[in-house]
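Secondary and tertiary structure notes
Now for the letters of each chain:
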Amino acid sequence: MSSDLNLSASSHALDEETARAEIYGLLSLLFYAAPSKELLGQLQVAVTEAPDAGAFLEEPWRELVACARSLSQRQIADEYTRLFGGVGKPEVYLFGSHYLSGFLNEKPLVRLRDDLAALGLARSQDMSETEDHAAYVFEVMRYLIAGDDVTVSNLTQQMAFFSQHLQPWVSPMCQAILAHPQAVFYARLANFTAAFMGVEAQGFDLVN
């Protein structure tokens, strides 16, 4: 998982593509595991304007930062474990196959792996979850925006990957998190994520 984040006061002034990549990178980190002390510290001192142009994201971003400031690292880690971890069935699934087919490791995961292979991408050995985990698809989007290989990291690939492997299920995942009575920090993250997905979908629609 990438940890190259810039949540400083200059973040909102970055160009749009860099800001988009940063948001995807942040979402990847936060959905993969509870934030490290360093990452939580960055969130707690972040400016409360959205790290992307557009007022639509500003309020959910402000709420996420305010929540990060009000909770300890231990509280957020405990919440992550309650919602997404533990032994057996989690309270909330973070895997696309669950939302697309009702089961894990099903056809949506096979299609995702085929599309990743076509892009020359594969899961790294230090990634313990399957490729349809929210953190993984967010990291792929970050790469498709910020990667150096323009044959892979370009708008056409972003649009295709987003429409096939994020748009159909990330918002339902966010709604499942928001509906959970014990979601506090991750409810704010889910709200911000859903809003960002909406902004991304609108942006791609304008391209079409």
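Bear in mind the structure is a predicted one, so any value in this text is a computation, not a measurement.

Take helix α7 (residues 134-146) next. Spanning 13 residues, α7 covers 18 Å between terminal C-alpha atoms, matching the ideal 18 Å at 1.5 Å per step. Turning to α7, its buried residues number three or more, namely A134, A135, Y136, V137, F138, E139, V140, M141, L144 and I145. Lining the buried residues of α7 we find α1 (16-32), α6 (107-118), α8 (155-165), α9 (170-179) and α10 (185-207).

Scanning all chains against the criterion turns up 11 aromatic pairs. Taking 4.9 Å as the distance between ring centres and 65 degrees as the angle between the ring planes, the aromatic pair formed by Y24 and F196 counts as edge-to-face. Note that Y24 is positioned in helix α1 and F196 in helix α10, a separation of 172 residues in sequence. Pair check on accessibility: Y24 and F196 agree, each one buried. Between the aromatic rings of Y80 and Y186, the centroid separation amounts to 5.5 Å while the plane-to-plane angle is 65 degrees, which identifies the pairing as edge-to-face. Of this pair, Y80 sits in helix α4 (residues 73-84) while Y186 sits in helix α10, and the two are 106 residues apart along the sequence. Residue classification places Y186 among the buried positions, given a relative accessible area of 0%.

To continue, consider the confidence of the model for the protein. Per-chain confidence: the protein averages 88 in pLDDT, with 90% of residues scoring 70 or above. The spread of mean pLDDT over the elements of the protein runs between α1, the lowest at 93, and α9, the highest at 98. For the stretch residues 1-5, pLDDT sits under 50, and the model shows 18 contacts to residues farther than four places along the chain or on other chains. For residues 8-14, every residue scores under 50 in pLDDT, and the model assigns this stretch eight contacts once sequence neighbours within four places are set aside.

Tracing the backbone through its elements, the reader meets R20 in helix α1. Residue R20 is classed as buried on the basis of its relative accessible area of 4%. A distance of 3.0 Å separates a polar atom in the side chain of R20 from a polar atom in the side chain of Q158. Setting aside residues no more than four positions away along its own chain, R20 makes contact with M141, I145, Q158, F196, E200 and F204.

Residues F31, F161, L166, I177 and F185 are the most contacted members of the largest nonpolar core, which totals 62 residues. The element contributing the most residues to this core is α10, with 11 residues. In this structure, F161 is in contact with L112, L116, L119, V137, V140, M141, L144 and L166, ignoring residues within four places of it in sequence.

Further remarks concern unusual backbone geometry. Although it is not a glycine, N105 adopts a positive phi angle of roughly 55 degrees. Here N105 is to be found in the loop between α5 (96-101) and α6.

This model, assessed by the stated rule, comprises seven salt bridges. Put simply, E200 and R20 hold a salt bridge, and the shortest N to O gap is 2.8 Å. Note that E200 is positioned in helix α10 and R20 in helix α1, a separation of 180 residues in sequence. For the pair E200 and R20, one class covers both residues: buried. Between D78 and R74 there is a salt bridge; the shortest N-O distance is 3.3 Å. Residue D78 and its partner R74 are located together in helix α4, separated by four residues, close to a single helical turn. A residue is classified by how much of its surface remains accessible, and D78, at 33% relative accessible area, is partly exposed.

Reading the values: the criteria
Residues numbered from 1 in each chain as written. Predicted model: local features only at pLDDT ≥ 70, side-chain atom pairs only at ≥ 80, totals over all residues. Heavy atoms only, no water. Helix = DSSP H or I, 4+ residues; strand = E, 2+ residues; numbered from the N terminus. Expected span 1.5 Å × (residues − 1). Buried < 20%, exposed > 50% of the residue type's maximum accessible area, 1.4 Å probe, protein only. Contact = heavy atoms within 4.5 Å. Phe/Tyr/Trp six-rings, centres within 6.5 Å; stacked < 30°, edge-to-face > 60°. pLDDT = per-residue confidence, 0-100. Polar contact = N/O pair within 3.5 Å; in protein donor to acceptor, adjacent residues only side chain to side chain. Core = buried A, V, L, I, M, F, W, Y, C linked by side-chain atoms within 4.5 Å. Salt bridge = Lys/Arg side-chain N within 4 Å of Asp/Glu carboxyl O.

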